[in-house]
Amino acid sequence: MPSDVEFINVSKVFASYLAVDDISFTIPQGSFFSLLGPSGCGKTTTLRMTSGLEWPDAGKIRIAGHDMRSVAAYSRPTNMVFQRWALFPHMTVAQNVAFGLEVDRRPRAEIRKRVSEALALVDLLPFAERKPRQLSGGQMQRVALARALVKQPKVLLLDEPLGALDLKLRMQMQLELKRIQREVGTTFMYVTHDQGEALTMSDQIAVMNKGKIEQLDSPQAIYDRPATRFVASFIGNTNLVPVEVLEASGGTARVAIGPLQFSARTGAFSGGSVGTVSIRYERIRIGAEAANRDTRTRGMIKDTIFSGSAVLYVVELEGSGVQITIEVPHDGTSSPLHAGSAVDIGWDGGATTVFDNG
Ligand SMILES: Nc1ncnc2c1ncn2[C@@H]1O[C@H](COP(=O)(O)OP(=O)(O)OP(=O)(O)O)[C@@H](O)[C@H]1O
Ligand SMILES: [Mg+2]
């Protein structure tokens, strides 16, 4: 698979602040690639370096095989969709989408054809003659997308494009964006701080923290096999519990929480007798479901939190007093267990990962 975007040891410094710290990655042609991380971790800066709005202080950026060192933003085969869509209010939807092609002085007939195709792609053909103020937020977002795609960039850069939408619409648009990306086959480089969004849409996710990429993997690998403590805690809901490490070799470790001993896979663990184990809320079983699991123990329910689709239990482990949170899907037939109940709990080997403390 040829690559569309390559970063090779790229760094960016603002004044004396290292915003992007020696990152390398490759985005295969036609894939959906997300940069995911908390506010200030360097996502937008990475995107802006791709588009040529910002220049790296070290390292190399290639797009479609070409070194971008001396290529200005307007000559790059990229196009950007922003969080604030910046549509021209006095122009119709069709005119907004046509704008970039008009600037390029494309022939009339070609513009008409390409605008229709772009509007069809985002399901907005019937809205072609409306003004932006006559559209919903989701529709405006799709106009912005059509406007970027109509120019047929090799790489589409999207900086939190769904950030201004409410949750329900955002989830609809996630599926829509993924469909559009598949349909046009354009490489998408997508920035978000929303893990659910990245997991839903991406072929590959680069998880960033403090200017560095901590893990670059498929959504499932990022979720199931977090490489670092930061990745484990940033994505999904997990218990981070201090453990004694009895022995570690070949990617697994024998660990102990008080009297409870079990095996866990190792992530970023550099050895030693202590560490932190990550146990995802929903990988822990409770009651009858705990039977036959690799690791089993008893606990006391301290708190029960009903959230509609699931029930969260805060459980104190027997023998250590350590409290962990467990998420159980709510099936609507059984009622949640009460605080004060003693329960069996259990989980399987693959559900836990050990990291260095810190
Ligand atoms: N032009 C600039 N001058 C100085 N510092 C900057 C500039 N642009 C960004 N920074 C700093 O670089 C760091 C990374 O910024 P960046 O915008 O890439 O973060 P981000 O991951 O996109 O965050 P957010 O999720 O809040 O958008 C931040 O600490 C930011 O304050
Ligand atoms: Mg940003």
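Residues numbered from 1 in each chain as written. Chains lettered and ligands numbered in written order. Predicted model: local features only at pLDDT ≥ 70, side-chain atom pairs only at ≥ 80, totals over all residues. Heavy atoms only, no water.

### Remarks on the packing of aromatic side chains
Heads up, the condition is: Geometry of aromatic contacts follows a simple scheme: Phe, Tyr and Trp rings, the Trp one being its six-membered ring, pair when their centres are within 6.5 Å, and the pair is stacked under 30 degrees between planes, edge-to-face over 60, tilted otherwise. Each helix is a run of H or I in the DSSP string that is no shorter than four residues. Each strand is a run of E no shorter than two, and both are numbered from the N terminus. Only protein chains enter the accessibility calculation, which uses a 1.4 Å probe. A residue is then buried if its area is under 20% of the maximum for its type, exposed if over 50%, and partly exposed in between. Note on criteria: charge over ring means Lys NZ or Arg CZ within 6 Å of the ring centre, with the direction from the centre no more than 35 degrees off the ring normal.
Overall, the coordinates contain seven aromatic pairs when judged by the stated rule. Measuring from centroid to centroid gives 4.8 Å for F88 and F99, while their planes differ by 55°, and the two rings are tilted. One end of the pair, F88, is in the loop between β6 (78-81) and α2 (93-103); the other, F99, is in helix α2, and eleven residues separate them in sequence. We classify F99 as partly exposed; its relative accessible area is 34%. With a centroid separation of 5.4 Å and 15° between ring planes, the pair formed by F230 and F234 is classed as stacked. Linking F230 with F234, this pair stays in helix α8 (residues 229-234), spanning four residues, or about one helical turn. Take F230: its relative accessible area is 18%, and that puts it in the buried class. In this structure an aromatic cluster arises from ring pairing among F7, F25 and F33. Over the ring of W55 we find R76; its NZ or CZ atom is 5.1 Å from the centre of that ring. The ring centre of Y223 lies 4.2 Å from the NZ or CZ of R280, which sits over that ring.

### Thoughts on the sheet that holds strand β10 (residues 212-217)
Paired through their backbone hydrogen bonds, the strands of a sheet run either parallel or antiparallel. The line we're drawing: Only when DSSP finds a minimum of two bridges between them are two strands counted as paired. Structural elements are reduced to axes, namely lines fitted to C-alpha atoms, with helices fitted over the stretch in contact, and the angle between N-to-C directions of any two is expressed from 0 to 180 degrees. By definition in these notes, contact holds between two residues if any of their heavy atoms fall within 4.5 Å.
Pairing is mixed in the open sheet, where six strands are placed in the order β6-β7-β8-β3-β9-β10. Both edges of this open sheet fall to β6 and β10, since each of them pairs with a single strand only. Neighbour to neighbour, the strand axes of the sheet diverge by 20° on average, direction disregarded. Alignment of strand β9 (residues 204-209) against β10, held across five bridges, turns out to be antiparallel. Looking at β10, one finds that I205 is bridged to D217. On the sheet, helix α5 (residues 167-184) packs against β3 (32-36), β7 (155-159) and β8 (187-192) and is oriented at approximately 155° with respect to β8.

### Considering the domain arrangement of the protein chain
The test is simple: Each domain's limits were defined by an automated method or a database of domain assignments.
Under the domain assignment used here, the protein chain contains domain 1 (3-224) and domain 2 (237-355). Here domain 1 and domain 2 have C-alpha centroids that lie 39 Å from each other.

### Quick word on the pattern of salt bridges
Inclusion rule: Whenever a carboxyl oxygen of Asp or Glu lies within 4 Å of a side-chain nitrogen of Lys or Arg, that contact is scored as a salt bridge.
Here the structure, examined in full by the defined rule, presents 20 salt bridges. E102 serves as the salt-bridge partner of R108, at 3.3 Å between the closest nitrogen and oxygen. We note a salt bridge from E197 to R170, for which the minimum N-O separation is 3.9 Å. Of the two residues, E197 sits in helix α6 (residues 195-201) while R170 sits in helix α5, which places them 27 residues apart along the sequence. Accessibility classification places E197 together with R170 in one group, the buried group. The structure contains a network of salt bridges with shared partners spanning D123, R142, E176, R179 and E183.

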